[in-house]
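The lines below spell out each chain.
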Amino acid sequence: MFAAERRQLILEMVRANGAVSLRELARVVQTSEVTVRRDVRALEAEGLLDRRHGGAVLPGGFTRESGFPQKSHLASAEKTAIADLAAGLVGEGEAVVVGAGTTTQELARRLARVPGLTVVTNSLLVAQALAHANRVEVVMTGGTLRGSNYALVGSGAEQSLQGLRVSRAFISGTGLTAERGLSTSNMLSASVDRALVQAAAEVVVLADHTKLGSDTMFQTVPTDLITRLVTDEPPPHEERAAAELQALADQGVQISVAGSHQPPAEAPPPGAAGGRSGAVRRDMPLPGQRRTVHGAPPPGGPQLRGTTGPGTLGEQLGERGRVADLRRR
């Protein structure tokens, strides 16, 4: 492929997806990342795109959200490794919320193996992944369907989450920075994600390395509310992505890195979903203790409570909360 053809294809991919990693570009155009980086630099000089940590984005400073068909093919290996590692954080009998996204969809497929689990979600894709899991109860929010990512959004979704309390939330997004936290490109999605976060004692962000350092329009989770980030190993030349990880750790975020070139994975706790052998946890040291969302129950307290509010998920699940202890067994 000639350089002009290669650059035209790169430009078309960025325009179609909003943001594309150098690794993915190199795979599609069948050349090295060094060559792709040179092409991206040339296209940036012409004002046709902007370079970001490990990739390229549309010009203008803020990446836009891609549709599900495009996002499902981006960084698929990284998302699989992240989902394998994140599933090990969930134990038997827990109650969790899972937001919309292709990475959270991968996580849901692994959560199907956790007995006694209750999953609250606004994502049709997450619900579909768990539909045939006999030992997992799935509770969906209300709301209006947003077709681009198969998620329920709007006031109906937000109101149905009022009064809910679970052990942790698994959230994804479009960009993540230490300065601003997790962000997304859609206002309705951001609002529902904030409601999901408020329902959880801990917040776990799932984001591959291509999202590190990217900033988008609407903030969903500020850095001080993120308990843990599960991500993949940035390529060796991505020093800025590594610096972003360190900056997040310096602000108290626990960093778990998944990758295929690390020592064998540590065994998951009893009753937790097992990850694949390629997923490892490498937690960066923290300057202080783990933080929880304001108003969250103390460790060891109930992970799911009912509420007397009309039409809320807490009311729907309240009866089960009275007859079944949903603490981690």
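These numbers were taken from a predicted model, which means no experiment stands behind them.

A.B. asks: Where do I start with helix α9 (residues 187-198) in this structure?
C.D. replies: Residues separated by three or four positions in an α-helix point in the same direction, a consequence of the helix having 3.6 residues per turn. For α9, built from 12 residues, the straight-helix expectation of 16 Å at 1.5 Å per residue is met to within 8% by its first-to-last C-alpha distance of 17 Å. For α9, the full list of buried residues reads Ser-189, Ala-190, Ser-191, Val-192, Asp-193, Ala-195, Leu-196 and Val-197. Measuring from the backbone nitrogen of Leu-188 back to the side-chain oxygen at the start of α9 gives 3.0 Å, which picks out Asn-186 as the cap.

A.B. asks: What is the right way to read the nonpolar core from this model?
C.D. replies: Generally speaking, a soluble globular protein has its nonpolar side chains buried in company with each other. Of all hydrophobic cores here, the largest spans 35 residues; its most connected members are Leu-176, Val-205, Leu-229, Leu-248 and Ile-255. In this view, Leu-248 contacts Leu-176, Thr-177, Ala-178, Leu-212, Thr-223, Leu-229, Val-253 and Ile-255; residues no more than four positions away in its chain are not counted. Counting 25 residues, the second largest nonpolar core, distinct from the first, contains Ala-81, Ala-86, Leu-89 and Val-230.

A.B. asks: Got a minute to help me understand the environment of Glu-239 in this structure?
C.D. replies: Take Glu-239: it is sitting in helix α10 (residues 239-250). For the pair Glu-239 and Gly-54, spaced 185 residues apart in sequence, the C-alpha separation works out to 9.4 Å.

A.B. asks: I would appreciate a short explanation of the side chain of Thr-223 in the present structure.
C.D. replies: In this fold, Thr-223 is placed in the loop between β13 (218-221) and β14 (228-232). A polar side-chain atom of Thr-223 sits 2.8 Å from the main-chain carbonyl oxygen of Ala-178.

A.B. asks: Just checking my understanding: could you explain the environment of Leu-117 for this structure?
C.D. replies: On the secondary structure map, Leu-117 appears in strand β5 (residues 117-121). By relative accessible area, which is 0% here, Leu-117 ends up buried. For the pair Leu-117 and Ala-95, spaced 22 residues apart in the sequence, the C-alpha separation amounts to 5.9 Å.

A.B. asks: Sorry if this is basic, but what is going on with the sheet that holds strand β15 (residues 254-258) here?
C.D. replies: The strands making up a sheet associate through backbone hydrogen bonding, with each pair oriented either parallel or antiparallel. Spatially, β6-β5-β4-β9-β12-β14-β15 is the arrangement adopted by the seven strands of the open sheet, whose pairing is parallel. The open sheet terminates on both sides in strands that have one partner only, identified here as β6 (136-140) and β15. The sheet shows a mean angle of 20 degrees between the axes of neighbouring strands, taken without regard to direction. In the sheet, β5 pairs with β6 via five bridges, with the strands oriented parallel. Each residue of the ladder has a partner; that of Thr-121, found in β6, is Met-140. Helix α6 (residues 102-111) rests against β4 (95-98), β5, β6, β9 (166-171) and β12 (200-206) of the sheet, and its axis sits at about 115 degrees to β12.

A.B. asks: Explain the confidence of the model for the chain here, please?
C.D. replies: For residues with low pLDDT, the predicted coordinates do not support detailed interpretation. Across the chain, the average pLDDT comes to 77, with 72% of residues at or above 70. Across residues 285-310, where pLDDT falls below 50, the model places 67 contacts with residues more than four positions away in sequence or in other chains. Counted against residues more than four places away or in other chains, residues 318-329, with its pLDDT under 50, gives 27 contacts.

A.B. asks: Please clarify how the pairing of β4 should be interpreted in this entry.
C.D. replies: Along a regular strand, successive side chains alternate from one face of the sheet to the other. Side-chain alternation along β4 places Ala-95 and Val-97 on one buried face and Val-96 and Val-98 on a second face that is also buried. One ladder, built from four bridges, connects β4 with β5; its direction is parallel. Along β5, the bridge assignment pairs Val-97 with Val-120. This β-α-β element, β4 to α6 to β5, shows right-handed connectivity. By the bridge criterion, three bridges tie β4 to β9 in an arrangement that is parallel. Among the inter-strand pairings, Val-98 is bridged to a residue of β9, identified as Phe-170.

Parameters at a glance
Residues numbered from 1 in each chain as written. Predicted model: local features only at pLDDT ≥ 70, side-chain atom pairs only at ≥ 80, totals over all residues. Heavy atoms only, no water. Helix = DSSP H or I, 4+ residues; strand = E, 2+ residues; numbered from the N terminus. Expected span 1.5 Å × (residues − 1). Buried < 20%, exposed > 50% of the residue type's maximum accessible area, 1.4 Å probe, protein only. Polar contact = N/O pair within 3.5 Å; in protein donor to acceptor, adjacent residues only side chain to side chain. Core = buried A, V, L, I, M, F, W, Y, C linked by side-chain atoms within 4.5 Å. Contact = heavy atoms within 4.5 Å. Pairing = 2+ DSSP bridges. Axes fitted to C-alpha atoms, helices over the stretch in contact; angles between N-to-C directions. pLDDT = per-residue confidence, 0-100. Right-handed = clockwise from strand over helix to strand, strands pointing away.

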